[in-house]
Amino acid sequence: MHVIEVENISKLYKLGQVGTGSLSHDINRWWHKIRGKEDPYLKIGQVNKRDDNTMASDYVWALKDINFSVKEGEVLGIIGRNGAGKSTLLKLLSKITAPTTGEIRIKGRVGALLEVGTGFHPELTGRENIFLNGSILGMTKSEIKSKFDEIVDFAGVAKYVDTPVKRYSSGMIVRLGFAVAAHLEPEILIVDEVLAVGDADFQEKCINKMNSVSKQGRTVLFVSHNMTSVMQLCSRGILLENGLLTYQNDIRSVIDTYLKKNTFGAESSFDLAAFNSRTGSGRIKFTKLEIFNQHKPDKNFLIGDDMILHLTLESKYEIPGVAIAIQLYDRNEQILSNIENIDSDFIIPPFYGTKTFEISFKNLNFYPNTYKFGFWAGTPDGSETYDYIKFCADFNILSGSARVKRNLRPEKGIVYITPSWKQIN
Amino acid sequence: MEKREEEEKKINPIMPDNNRWTTIISAKQKAIRLNLKEIYRYKDLILLLTRRDIVAMYKQTILGPVWFVLQPLLTTITFTLIFGKIAKLSTDNTPPILFYLSGVIVWNYFSETLIKTSNTFIANANLFGKVYFPRLVVPLSISLSNLLTFFVQFVFFLIIYLYYAYRGNVSPGYYIIYIPVLLIIMSALGLGMGVIISALTTKYRDMRFLITFGVQLFMFLSPVVYPLSSMNQQAQKLMLLNPMAPVLEFFKCAFLQTPAPPLYSLVYSLFFSILTLLSGIIIFNKVEKNFMDTV
């Protein structure tokens, strides 16, 4: 039995500054409407391709013609790159904003968790905020009263329940916020990845709670970039790309499709300057990465090989202090390591123009798989980010190394360690 | 949980186990939607937000709740000095303190409700972007907390009033029975105009600047610091088109026995304010669905 049916849902957004020209557009819209014609701005909206700067129109489809349905008790993962329309879809489902076309039909009470601790007031006590936050999420006062002790227990703030929330540590606030939300008992739960904030303990608590929610037969819609937790929780998935629903199936094949689309060609040289989704002030930019195996351009390695990176950065300004970090991710885009130049006692001299750094990794010991890079440049104290690009390059560890005496399966581990063994009795 | 389900069954007989949808989110929307049933379901939230407003307002101030009465008292003293002593405006032969205080508390309620509710979408954009509840809950709670403030100030007014009445300077008139009607008019008008303006501010931010200036101008066009009787017949008729004018005049008339304006002006004012409130709610509900895209 379907509990959610999404039919032909589209959402049009206006780009650029809101407000400029809106009055004239409104009048034009209204004029078309009273003559019984279609909204003139719907036609010119185009598919949301963020990487394409040549977009002609001011209007863009954040979502276009989305169709899917969810069965009772199903845990659906919604997967896609940043800007693919995942959050927009959640906002439509949770009634925060209305669709431009189409219809969504829902059976049962919906609880949407797009943020933890929504509406907390710093001057009010923990107790007052539990009631306020709970009723904002749609609970009645008596419902909150009956679960009050449980909530306080779960959050672990029993001692501070009559203290204003502004005296709480940020961790306590997050815990309290999640505790309230976790005790909301809707038939359909919508969870955004913002829940993944907080420490590892807290994240595990979140995942466990959601697991138990789905075991109780409730329907869950879950958005995350973290493929590991999506795989853990979800049974089925949909893949969004540029506002279009491109694939839906069981979660494993959706994740595979998603990851395949986000791998790179066989090239061992990466044009980082052309990489589009970057953050930072732009005072320095990563422009190029070349990967070498035994001084030959190659990004395929065996365990035990040495990897050399040539990383090129460019700046038009004179920059006194720069720190560079190389982030290493596994195939599911979980971070494995954050490597900074200072860790190797290498200080970058004042920076100007185009500079290339050689970084050598001796003796690679990763399991056969694909690994991805992220690069960060900023001030040595981390207070400013100049440039930050994630998942912008990759390399492969292939099986078949002479050093490995058995078959290493990619899902069985990440680091290949060979300690020395001896029998002592 | 069971209790909640029972409650929901009572209000909303469509439950998931029947073969019908509980929520339909559609691009097409009804032209007129009052949405009162859903707002009733969120009554607890209205009360909690009201409480929050009151409690949080004077936290960490030295005088705390004393500000509730100190504020109108200081305004009254200022008015008495400027309009009474210096400009020598008429107070219809009533004690100036009572005359100005009654005008100030009635006007304060109206203008505070109007200004605060007109800021609903902008002030709560963060909250509204993360969770859904009927947005009208917020302006309703604002007008409720202002009503509470008004009652405190009204009690303060009565205390001063009793002092003057004891000395035989004033006595109440039979118009006192109209007080509930006056409360309805000023609540409906403040809330109604506030939500209309808040709906407009989502797109046209200019309204925000207009409103603070507009409310001030509006006060001088209303009989707050001067009595209606100080104007000529023609001007009085024109002034009574202002729906707040009869409220102020009848309030003073009830307690201070100033000359009463014609009764039809009160009826007009009542209809005007209820119409404003209804159209305000309709416009507000229309905007709430899509305001996140523009605010």
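Residues numbered from 1 in each chain as written. Chains lettered and ligands numbered in written order. Predicted model: local features only at pLDDT ≥ 70, side-chain atom pairs only at ≥ 80, totals over all residues.

(A) Main features of the overall build of chain B. Secondary structure assignment for chain B yields 13 helices and one strand. Reading the secondary structure of chain B in the N-to-C direction produces α-β-α-α-α-α-α-α-α-α-α-α-α-α. Residues classed as buried in chain B amount to 39% of the 295 residues present. Contacts in chain B between residues far apart in sequence, at least 24 positions, make up 80% of those at least 6 positions apart. (Helix = DSSP H or I, 4+ residues; strand = E, 2+ residues; numbered from the N terminus. Buried ≥ 20, exposed ≤ 12 C-beta atoms within 10 Å, placed from the backbone. Contact = placed C-beta atoms within 7 Å.)

(B) Quick look at the overall build of chain A. On a plain count of helices and strands, chain A comes out with nine helices and 21 strands. The principal-axis extents of the C-alpha atoms in chain A amount to approximately 70 × 70 × 45 Å. The burial tally for chain A puts 34% of its 425 residues in the buried class. Of all intrachain contacts in chain A linking residues separated by at least 6 positions in sequence, the fraction that spans at least 24 positions is 71%.

(C) A look at the packing of helix 9 (residues 179–201) of chain B against helix 10 (residues 206–220) of chain B. All names here are of chain B. Close contact between helix 9 and helix 10 brings their axes to 8 Å; oriented N to C, the two are set at 150°. The element helix 9 and its partner helix 10 pack so that their crossing is right-handed. On helix 10, the residues touching Ile197, Leu200 and Thr201 of helix 9 are Met207, Arg208 and Ile211. Its residues assigned to classes, the contact of helix 9 with helix 10 comprises four nonpolar, one polar and one charged. (Axes fitted to C-alpha atoms, helices over the stretch in contact; angles between N-to-C directions. Left-handed = near helix turned anticlockwise from the far one by under 90°. Nonpolar A, V, L, I, M, F, W, Y, C, P; charged D, E, K, R; others polar.)

(D) How the structure looks around helix 4 (residues 126–136) of chain A. Most of helix 4 of chain A sits inside the fold, with ten of its eleven residues counted as buried. Listed in full, the buried residues belonging to helix 4 of chain A are Gly126, Glu128, Asn129, Ile130, Phe131, Leu132, Asn133, Gly134, Ser135 and Ile136 of chain A. Residues of helix 4 of chain A that are buried sit in contact with helix 5 (141–155) and helix 6 (170–182) of chain A together with helix 3 (43–57) of chain B. Just downstream of helix 4 of chain A lies Gly138 of chain A, where phi reads positive at about 105°.

(E) Spatial organisation of the sheet that holds strand 8 (residues 219–223) of chain A. Residue and element names in this part refer to chain A. If you walk across this open sheet you meet the six strands as 6-7-8-4-9-10, and the pairing is mixed. Lying at the two open borders of the sheet, with one neighbouring strand each, are strand 6 (110–113) and strand 10 (244–250). If you compare each strand with its neighbour and ignore which way they point, the axes differ by 15° on average. Where strand 4 (residues 75–80) lies against strand 9 (residues 236–241), five bridges are found, and the strand directions are parallel. Among the inter-strand pairings, Leu76 is bridged to a residue of strand 9, identified as Arg236. (Pairing = 2+ DSSP bridges.)

(F) Highlighting the pairing of strand 8 of chain A. Residues and elements named next belong to chain A. Taken across its five residues, strand 8 has five buried, putting it largely inside the fold. Going residue by residue along strand 8, you find Thr219, Leu221 and Val223 tucked away on one face and Val220 and Phe222 tucked away on the opposite face as well. Pairing of strand 4 with strand 8, which is carried by four bridges, proceeds in the parallel orientation. Bridging from a neighbouring strand, Leu76 pairs with Leu221 of strand 8. Judged from the four bridges that link them, strand 7 (residues 188–191) and strand 8 form a sheet pairing that is parallel.

(G) Examining the packing of helix 5 (residues 96–118) of chain B against helix 8 (residues 137–166) of chain B more closely. Residues and elements named next belong to chain B. Contact geometry of helix 5 with helix 8 gives a least axis separation of 9 Å together with a crossing angle of 175°. Relative to helix 8, the element helix 5 is oriented roughly antiparallel. Contacts from Ile97, Leu98, Leu101, Ser102, Ile105, Tyr109, Glu112, Thr113, Lys116 and Thr117 of helix 5 reach helix 8 at Pro139, Ile142, Ser143, Asn146, Phe150, Gln153, Phe154, Phe157, Ile160, Tyr161 and Tyr164. Its residues assigned to classes, the contact of helix 5 with helix 8 shows 13 nonpolar, six polar and two charged. (Parallel < 35°, antiparallel > 145°, perpendicular 65-115°, else oblique.)

(H) Region of the structure containing the interface of chain A and chain B. Each partner contributes to the interface: chain A provides 42 residues, whereas chain B provides 31 residues. Contributing elements (two or more residues each) for the side of chain A that touches chain B: strand 1 (2–14), strand 5 (101–106), strand 6, helix 4 and helix 5 of chain A. Grouping the constituent residues of the side of chain A that touches chain B by class yields 17 nonpolar, 15 polar and ten charged. Taken together, the four bridges between strand 5 of chain A and strand 1 (residues 23–26) of chain B define a ladder with antiparallel strand orientation. The residue bridging Ile104 of chain A from the neighbouring strand is Ile25 of chain B, located in strand 1 of chain B.

(I) Broad picture of the environment of Asp330 of chain A. All names here are of chain A. Topologically, Asp330 is positioned in the loop between strand 17 (323–329) and strand 18 (335–340). Among the residues examined, Asp330 registers 18 C-beta atoms within 10 Å and is labelled partly exposed. Between the alpha carbons of Asp330 and Thr370 there is a distance of 6.8 Å; along the sequence they are 40 residues apart.

(J) Local environment of the environment of Arg167 of chain A. All names here are of chain A. Along the chain, Arg167 falls in the loop between helix 5 and helix 6. For Arg167, a count of 11 C-beta atoms within 10 Å corresponds to the exposed category. Between the C-alpha atoms of Arg167 and Val6, which are 161 residues apart in sequence, the distance is 43 Å.

(K) Quick look at the nonpolar core. Counting residues in hydrophobic clusters, the biggest one holds 138 residues, and the most contacted among them are Ile78, Ile190 and Phe222 of chain A together with Val106, Val137, Val247 and Phe250 of chain B. A total of twelve residues in this core trace back to one element, the largest contributor, which is helix 5 of chain B. Among all residues touching Ile190 of chain A, those that are not within four sequence positions of it are Leu90, Leu93, Ser94, Val110, Ala112, Leu113 and Leu221 of chain A. Core analysis: the next-biggest nonpolar cluster, separate from the first, contains 26 residues, Leu313, Tyr371, Trp376 and Cys392 of chain A among them. (Core = buried A, V, L, I, M, F, W, Y, C linked by C-beta atoms within 7 Å.)

(L) Fine view of the confidence of the model for chain B. Residues and elements named next belong to chain B. Summarising the model, chain B shows a mean pLDDT of 86, and 92% of its residues fall at 70 or more. Model confidence for chain B, summarised as mean pLDDT per element, is weakest for helix 1 (residues 2–11) at 44 and strongest for helix 8 at 94. A low-confidence stretch, residues 1–18 (pLDDT under 50), is modelled with 14 contacts involving residues beyond four sequence positions or located in other chains. Here the predicted complex scores 0.74 on pTM and 0.78 on ipTM. (pLDDT = per-residue confidence, 0-100.)

(M) Local environment of the environment of Asn242 of chain A. Considering the arrangement of structural elements, one finds Asn242 of chain A in the loop between strand 9 and strand 10. With 178 residues separating them along the chain, Asn242 of chain A and Lys64 of chain A place their C-alpha atoms 8.9 Å apart.

(N) Geometry of the pairing of strand 4 of chain A. Of all six residues making up strand 4 of chain A, six are buried, and the element is well covered by its neighbours. Burial along strand 4 of chain A is two-sided: the face carrying Val75, Gly77 and Ile79 of chain A and the face carrying Leu76, Ile78 and Gly80 of chain A are both buried.

(O) Structural context of the confidence of the model for chain A. All names here are of chain A. In this model, chain A carries an average pLDDT of 84, and 90% of its residues clear a pLDDT of 70 or more. Confidence, expressed as mean pLDDT per element, reaches its minimum in chain A at strand 2 (residues 46–47) with 58 and its maximum at strand 17 with 93. Counting interchain partners and residues more than four positions distant, the pLDDT-below-50 stretch residues 50–55 has four contacts.

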